[in-house]
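# Residue-level structural notes
What follows is each chain in one-letter form.
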Amino acid sequence: MENLRIPGPTPLPDETLQAMTKQMINHRGAEFGQMMNGITANLKQLFQTKGDVFLLTGSGTGGLEAAIVNTLSPGDKVLSVAIGVFGERFAAMAEQFGAEVIPLRFEWGRAADVDAVRRALQAEPKIKAVLVTHNETSTSVTNDLASISSVVKEFDKLLLVDAISSLGSINLPVDDWHCDVTVTGSQKGWMAPPGLAMVSVSQKAWQAHSKARMPRFYWDFTRAKNYLERGQTPWTPAVSTVFALSVALEMMQKEGLSNIIARHARVGKTVRDGVKSLGLSLFADENYASNTVTAVAATNGLDIKRLRKIMSEEHQIVLAGGQQKLDGKIFRIGHLGWVTEDDITPVISALKVVLPQAGFKQ
Ligand SMILES: Cc1ncc(COP(=O)(O)O)c(C=O)c1O
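Residues numbered from 1 in each chain as written. Predicted model: local features only at pLDDT ≥ 70, side-chain atom pairs only at ≥ 80, totals over all residues. Heavy atoms only, no water.

Turning next to the overall build of the protein. What the protein contains, in helices and strands, is twelve helices and 13 strands. Relative to a compact globule of 362 residues, whose C-alpha radius of gyration would be 21 Å, the protein shows 20 Å and is just as compact. Considered along the principal axes of its C-alpha atoms, the protein spans approximately 60 × 55 × 30 Å. Across the 362 residues in the protein, those meeting the buried criterion constitute 59%. (Helix = DSSP H or I, 4+ residues; strand = E, 2+ residues; numbered from the N terminus. Rg over C-alpha atoms; globule rule 2.2 N^0.38 Å. Buried < 20%, exposed > 50% of the residue type's maximum accessible area, 1.4 Å probe, protein only.)

Quick look at the structure:
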């Protein structure tokens, strides 16, 4: 069997795969309503929030669009804290909908500097919201969101968080860290297939929502809330993915959030120690290393394309490449969701064999 080691979609346990083979049910009926209520309760616990959590049919990017259009108006100033591809995409979306984006960029591979965030907020009092990526999948860096969020709170701004590849795997207490809209995606740490975005909405976000004038229809939180009161979604949901997510969330509850977070921390360390033991270099600042994805630099003559090809064809291990300007410069190992150290050991063993074949010289 293929060992899919990209940062989502992830391999799925049999329980979720089986759930997807279930016959369709009425998405406006009682059985679906019960399932939605169970999913919502589980998500609230795993998001560590007492606020609203909605299930939106769409990918994570749809959830990010929802965060923007539900809280902002054209002309609003937003501070974009970007450390990679996904931070840039979040900002581009806000700009497309008419926000005035103030970019605060950091070198790819580094985390955001909290003091720089403070200085940016001091410099422009009219900023309404801060966009930040918790875990930048393109560079494998986890921002210090606890510190960033306390600065954002100090200035009383809205905090919109892309937690697509962190929530459910890396600790993110949504309420304690004052996250106003927090977005994740079913295909990441949730042991479910792609197709659903899950978003939390704080009281402060609801206040912003009541005044927000960006165009919205499909993603409208008011519609999502009204329908959820009846155990429904406004539009036909991805029913099979909802079945799968429901089962996966039960499995996550059984394991317990702190155990899940600890497992990801253990697996992340196993990956980092493993690649370093082969003489490889981590791309990202290790003080902010992600526990869901690891980027490895193309040093010592390593041909990334060749490495990924041999790993896939001869060892059935699928690794991710670098995105945009990191294409050919890094490869990435995904380790989120249904993963243990046993999935990583064969990756490190295969890398040991393949590295010299892909030009790597010690
Ligand atoms: C941090 C981050 N943001 C946004 C996205 C986009 O999510 P999707 O591909 O589900 O739209 C991803 C997906 O890889 C991601 O990792």
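Counting residues in hydrophobic clusters, the biggest one holds 86 residues, and the most contacted among them are L43, F54, L55, L79, V81, W190 and L245. Of all hydrophobic cores here, the second largest spans 26 residues; its members include V271, I304, L319 and L351. (Core = buried A, V, L, I, M, F, W, Y, C linked by side-chain atoms within 4.5 Å.)

Bringing the site of the ligand into the picture now. Taken together, 13 residues are adjacent to the ligand, and S59, T61, T137, D162 and K188 come closest. In this structure, D162 approaches the ligand through a side-chain N or O atom, which is 2.6 Å from a nitrogen atom. Q187 is positioned such that a nitrogen or oxygen atom in its side chain is 2.8 Å from an oxygen atom of the ligand. Isolated, the ligand exposes 400 Å² of accessible area, and the fraction of that covered by the protein chains is 87%. (Near = heavy atom within 4 Å. Polar contact = N/O pair within 3.5 Å; in protein donor to acceptor, adjacent residues only side chain to side chain. Areas by Shrake-Rupley, 256 points an atom, 1.4 Å probe, with all protein chains shown as cover.)

It is at 9 Å that the axes of helix 5 (residues 114-123) and helix 6 (residues 145-154) come closest, and there the two elements cross at 15 degrees. Between helix 5 and helix 6, the angle falls in the class roughly parallel. Two packed elements cross with a definite hand, and for helix 5 against helix 6 that hand is right-handed. Of the residues in helix 6, those touching helix 5 at V114, V117, R118 and L121 are S147, I148, V151, V152 and E154. Grouping the constituent residues of the contact of helix 5 with helix 6 by class yields six nonpolar, one polar and two charged. (Axes fitted to C-alpha atoms, helices over the stretch in contact; angles between N-to-C directions. Parallel < 35°, antiparallel > 145°, perpendicular 65-115°, else oblique. Left-handed = near helix turned anticlockwise from the far one by under 90°. Contact = heavy atoms within 4.5 Å. Nonpolar A, V, L, I, M, F, W, Y, C, P; charged D, E, K, R; others polar.)

Here the focus is the sheet that holds strand 10 (residues 196-201). Here seven strands make up an open sheet; going across it, the order is 2-10-9-8-5-3-4 and the pairing mixed. A strand with exactly one partner marks an edge of an open sheet, and here the two such strands are strand 2 (52-57) and strand 4 (100-105). Ignoring which end each strand starts from, the neighbouring axes of this sheet average 20 degrees apart. Of the pairings in the sheet, the one linking strand 8 (residues 158-162) to strand 9 (residues 181-185) comprises three bridges and is parallel in character. Each bridged residue has a counterpart across the sheet, and for L160 the counterpart in strand 9 is V181. In the packing of helix 4 (residues 85-96) onto the sheet, contacts are made with strand 3 (77-82), strand 4, strand 5 (127-133) and strand 8, and the angle to strand 5 comes to roughly 150 degrees. Packing against the sheet, helix 5 makes contact with strand 3, strand 4 and strand 5, and its axis sits at approximately 165 degrees to strand 3. (Pairing = 2+ DSSP bridges.)

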